[in-house]
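# A structural walkthrough
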Amino acid sequence: MHNRVLNAARAHMVAAPTREFLAFQLGDEDYAIDILKVQEIRVFGAVTKLPGAPDYIRGVINLRGLIAPVIDLRIKFGFKEAVYGPFTVVIVLNVHERLVAVVADAVVDVVALTDDEIRPPPEFATSVNVEYVTGLATKAEHMLILLDIEKLISSQELGIFDVEAAV
Amino acid sequence: MPRTNRPGAPAAVDLTRFLPMFFQETEDHLATMEGYLLRLDLRSPDLEALNSIFRAAHSVKGNSTIFGATRLADVMHRIETILDHIRKEELQPTHNVISLLLEACDTVREELRCLKDAADADPTALQAMYERLTQLAQSDAAPPATLHEAAAPATRRSARFRIEVHLPEGKDITALPLAELYAELGTLGRVEDVQASGGASSAPALSLFLLTPERQQVVRAKLVSLLGTHNVRVERQDARPRPALPAGTALPARATSTGSAAYGLFPQEHSSIGPYDRSVGSVTQTGVLDSSALGRRSMDHDPSGSASGRRATDRGYFDRSSIRVDVAKVDRLLNLVGELVIAQSMLTEATQRSGAGQDAGLRDSVAYVGRQTRDLQEAVMGIRLLPLDFLFSRMPRLVRDLAHKLGKDVELVMHGGDAELDKELIEKLGDPLMHLVRNSLDHGIELPALREAAGKSRRGSIQLRAVHQGGGILVEVEDDGAGFDREKILRKAEERGLRVHPGMSDEEVWQFVFAPGFTTAEEVSDVSGRGVGMDVVKRNIGALSGHVDVRSSRGGGTTIAMRLPLTLAILDGMIVEIGGESFIVPLSFISEAFLPQPGQIKSITSGPQVVQVRESYVPLLDLEPLLHIRREAARPQAGIAIVVEADGRRAALAVERLLGQQQVVIKSLEANYRRIPGIAGATVLGNGRVALILDVNALMRAGLAPMKGVETLEALQG
């Protein structure tokens, strides 16, 4: 899947001024993140809990000998329920040369979006999470929420990295 | 890597990429020189040892020349001259002579360091050393007519041989064992005017002149034995011919394409592209270090002279039995092998589960793969191991210099330097070890007169010992000096406000020397006595998950024993279950584990609990609150108590179950996450799952020291 995704991305980089996003589901909402940040997608498996970690950090997994944290954004975003089923996947991201896995209910597709198709995000005063939304788009009559995943993952608020490391 | 061809240096190889190797090799050669110099018997110096020093010096000189560090080359040249005088018994190697040579090594090393850091070297230091060496070199009877004349044993009734090596069709000079050849010839005499034809069929592939007192047959026999069936011609010559080499003559350095231009690596453009520009003689004419007059004086004198021979020779001293590899590559390999081990154990499990294990052939194959995988893992881990000699070899010099300075007579005995240890540990053990040796010399060993008065030999002894023990290594520093003074330590401890009482055992008293800032030295010297020592030693060793023990007796000497794991990449761990999760407790901390009987656990002021371990009560640490694990109601109380020891304190960890003992590969959590208080790292278990490794030191500090105001692990962070 990794290769397909990357090849698609490369093909588009030369063809049109579009960017490619990986669309995935969190609950009933569809999100999209920059495909170039995605390293691989795997089935959600056994996670080892971390002492003292906030609840949205599910623990760590073994990625071919490297230890990566698993973040459940559904919990972070305050979804009512976060269930783990057979379609639950983790999207492994490469952010600032670190590996972080994010739980998703399902991966939807790789979508190409031109800048015209991306609408500015709504401005709410209350929600902190909206800060990481860079825009909204429509694909196949679904609303896609574009996330700045790099900013979100390395944010101090999420607290995944030590402060000095989170540049 | 991009290659940069310099103008005026056709086909020149960009040598900058060899610079790290140059620095490393020079370091090694200097170390070799020091080693032999220190062991040299001053009354009857061993010729073989002298030759080894000579060869090392020679290599440094040649390499320096290649890289344009001509001032270094000049200093090395002077060293060679002196060594040659010693070799010819024209100069008595006194203590002072050896000291000067050792000092020269230091100067060269310092110069190297400056070159490496691109810092400004102090030119006067090298110049001063050069002059001191020159003075010594000329103070004896030898006629130092020209510099390279002086270096060579030419004044003996040596004969001059022309040696030609022909190669079979289709082979070029790289097929020759040049390193061995030059080394061999170097022991016979002096090599000059090396020329390589680059494999043109009629001309000899290699021709050179050898000045040696040996007879023709001897020279020939050596060459034939070395070059086998190659066609070797040895001719005796009497005249001393050789004009400057024709332009474009290739060097026999490594490959004929190397070209002949000089490489001025240390920044400065070619300043003098003269008529000899393309001849080997111009090697010394470039390079920033050439700005001093010495460079010119030494080599320009005879442009066809031995510079070429030396240079070629030095390229030959290449240690072919080892390679230098980036540690990151080894670690990647280790990681991959670790994964392979996991994959293998999954395979084994799957075979058993599927019932395919009934098939004897398959079962044997799987078992065989398992064994090979484990052997592979061990072999890969072995790559990171280095012999302790890397550290031990630094000590003779330290002891020699320091003993001299302190007016003490000390003999250093070393055992077990071939014991191997992880590279990282070796590096981190260096400072503590040096500190302990220094301490022994300064505080332990008495002055010769005092020793005599105490009925001991005038010469003190320091022993360095290393021995494999269990899964780790024991490194001991033992001296036969004065030993610790119990009363003095108690007095000092009391002055510093430490809790003392006269009934303390010796072992307890000795622990005071590890207290920060503790010293019994009456005055601070620049050797030791500032009290920033033993505590640092203890902390450093502790950081490597090792232990320090002290044995000492008044008048009988002191032994400091350091127990260390063999590697930091793996550890022996006990897999335990706490709150349904698997954790690893490093075995090095565990003294025992037992199932406490109901009566053995008692609470104090209805709060903290202690568990009775034979005669003593040990605080019981409940890990669940410390690790923020939610307590499940159905969980049995306490379960198993694991008694751990760290920082001289004991505690019992309450865990639910012991799942077994295993060697685990330590992985970093911080690489992709953050540091977690109380967790030292992570590992991957046989089932592919991650297990966290407990940081016993931190847990004990958090659990046991509320009086210091450190109540939680979080407080320890930062």
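Residues numbered from 1 in each chain as written. Chains lettered and ligands numbered in written order. Predicted model: local features only at pLDDT ≥ 70, side-chain atom pairs only at ≥ 80, totals over all residues.

### Points about the nonpolar core
Core analysis: the largest hydrophobic core is formed by 92 residues, its most contacted members being V60, I91, A101 and V102 of chain A together with V585, A652 and L653 of chain B. Looking at this core, you find at least three residues from each of domain 3 (327-384) and domain 5 (570-716) of chain B. Aside from chain neighbours lying at most four places away, what touches L653 of chain B is V585, L621, L623, I642 and V644 of chain B. Grouped together as the second largest cluster of nonpolar side chains are 37 residues, L388, L421, I489 and F512 of chain B included. (Core = buried A, V, L, I, M, F, W, Y, C linked by C-beta atoms within 7 Å. Buried ≥ 20, exposed ≤ 12 C-beta atoms within 10 Å, placed from the backbone. Domains from an automatic or database assignment. Contact = placed C-beta atoms within 7 Å.)

### Overview of the interface of chain B and chain A
Facing the 25 residues of chain B at the interface are 21 residues of chain A. Elements with a contribution of two residues or more to the side of chain B that touches chain A: α11 (327-354), β21 (679-684) and β22 (690-694) of chain B. Class assignment for the residues of the side of chain B that touches chain A results in 13 nonpolar, 6 polar and 6 charged. (Helix = DSSP H or I, 4+ residues; strand = E, 2+ residues; numbered from the N terminus. Nonpolar A, V, L, I, M, F, W, Y, C, P; charged D, E, K, R; others polar.)

### Some details on the sheet that holds strand β17 (residues 616-622) of chain B
Residue and element names in this part refer to chain B. The strand order across the open sheet formed by 6 strands is β14-β18-β19-β17-β16-β15, and the pairing between neighbours is mixed. Each having just a single partner strand, β14 (590-594) and β15 (601-603) make up the two edges of the open sheet. Strand-to-strand, the axes of this sheet are offset by a mean angle of 35 degrees, without reference to chain direction. Across 4 bridges, the pairing between β14 and strand β18 (residues 640-646) is antiparallel. Directly across from A593, in β18, lies its bridge partner I642. Of the strands in this sheet, β17, β18 and β19 (649-655) are in contact with helix α21 (residues 696-704), which crosses β19 at around 95 degrees. (Pairing = 2+ DSSP bridges. Axes fitted to C-alpha atoms, helices over the stretch in contact; angles between N-to-C directions.)

### Looking at helix α4 (residues 95-116) of chain B
Residues and elements named next belong to chain B. For α4, built from 22 residues, the straight-helix expectation of 32 Å at 1.5 Å per residue is met to within 8% by its first-to-last C-alpha distance of 31 Å. All of the buried residues in α4 are L101, A104, C105, T107, V108, E111, L112 and L115. End-on, the buried residues of α4 take up no more than an arc of 165 degrees, which puts them together on one face. Among the exposed residues of α4, those oriented more than 90 degrees off its buried face are H95 and N96. (Expected span 1.5 Å × (residues − 1). Arc of directions from axis to C-beta.)

### Considerations on the sheet that holds strand β8 (residues 460-469) of chain B
All names here are of chain B. In space, the 5 strands of this open sheet follow the order β6-β8-β9-β11-β10, with mixed pairing throughout. Of all strands in the sheet, those bounded by a partner on one side alone are β6 (410-415) and β10 (547-553). Taken pair by pair, the neighbouring strands of this sheet meet at an average axis angle of 15 degrees, ignoring direction. Examined bridge by bridge, β6 and β8 share 6 bridges and lie parallel to one another. Residue pairing in the sheet places V413 in a bridge with Q463 of β8. Strands β6 and β8 of the sheet are contacted by helix α14 (residues 395-406), whose axis makes an angle of about 165 degrees with β6. Sitting on the sheet, helix α19 (residues 534-543) is in contact with β10 and β11 (557-565), with an inclination near 140 degrees to β10.

### Let's talk about the packing of helix α3 (residues 70-87) of chain B against α4 of chain B
Residues and elements named next belong to chain B. It is at 11 Å that the axes of α3 and α4 come closest, and there the two elements cross at 165 degrees. In this view, α3 runs roughly antiparallel relative to α4, as classed from their interaxial angle. For α3 against α4, the interelement crossing comes out left-handed. Mapping the contact onto sequence places L72, V75, I79 and I82 in α3 and L101, A104, T107, V108 and E111 in α4. (Parallel < 35°, antiparallel > 145°, perpendicular 65-115°, else oblique. Left-handed = near helix turned anticlockwise from the far one by under 90°.)

### Here's the deal with the packing of α14 of chain B against helix α15 (residues 423-444) of chain B
Residues and elements named next belong to chain B. At their nearest, the axes of α14 and α15 sit 10 Å apart, and the two run at 30 degrees to each other. One way to sum up the angle between α14 and α15 is to call them roughly parallel. When you trace α14 past α15, the crossing you get is right-handed. Between α14 and α15, the residues in contact are M395, L398, V399, L402, A403 and L406 and M434, V437, R438, L441 and D442, respectively. Looking at side-chain class alone, the contact of α14 with α15 contains 9 nonpolar, no polar and 2 charged residues.

### Side note on unusual backbone geometry
Within the chain, H96 of chain A stands out as a residue other than glycine whose phi angle is a positive 50 degrees. Mapped onto the fold, H96 of chain A is located in the loop between β6 (89-95) and β7 (98-104). Its 13 C-beta neighbours within 10 Å are what place H96 of chain A among the partly exposed residues. Phi is positive for R614 of chain B, close to 50 degrees, though the residue is something other than glycine. By the element assignment, R614 of chain B lies in the loop between β16 (609-613) and β17.

### Notes on the pairing of strand β4 (residues 57-63) of chain A
All names here are of chain A. By the criterion of burial, β4 is predominantly enclosed, with 5 of the 7 residues buried. Where β4 meets strand β5 (residues 66-71), 6 bridges bridge the pair, whose relative direction is antiparallel. Each residue of the ladder has a partner; that of I57, found in β5, is I71. A loop of 2 residues connects β4 with β5, the two strands running antiparallel in sequence, and R64 in this loop sits at a positive phi of about 45 degrees.

### Considerations on the confidence of the model for chain B
Residue and element names in this part refer to chain B. Per-chain confidence: chain B averages 73 in pLDDT, with 73% of residues scoring 70 or above. For the stretch residues 239-320, pLDDT sits under 50, and the model shows 187 contacts to residues farther than four places along the chain or on other chains. Below pLDDT 50 for its whole length, residues 706-718 participates in 18 contacts with residues either more than four positions away or in separate chains. Model confidence for the complex is summarised by a pTM of 0.53, with the ipTM given as 0.81. (pLDDT = per-residue confidence, 0-100.)

### Observations regarding helix α1 (residues 19-39) of chain B
All names here are of chain B. If you check α1, its first and last C-alpha atoms are 30 Å apart, about what 21 residues at 1.5 Å a residue would give, namely 30 Å. By the burial criterion, the buried members of α1 are F22, E25, T26, H29, L30, M33, E34, Y36 and L37. Residues of α1 that are buried sit in contact with α2 (47-66), α4 and α14.

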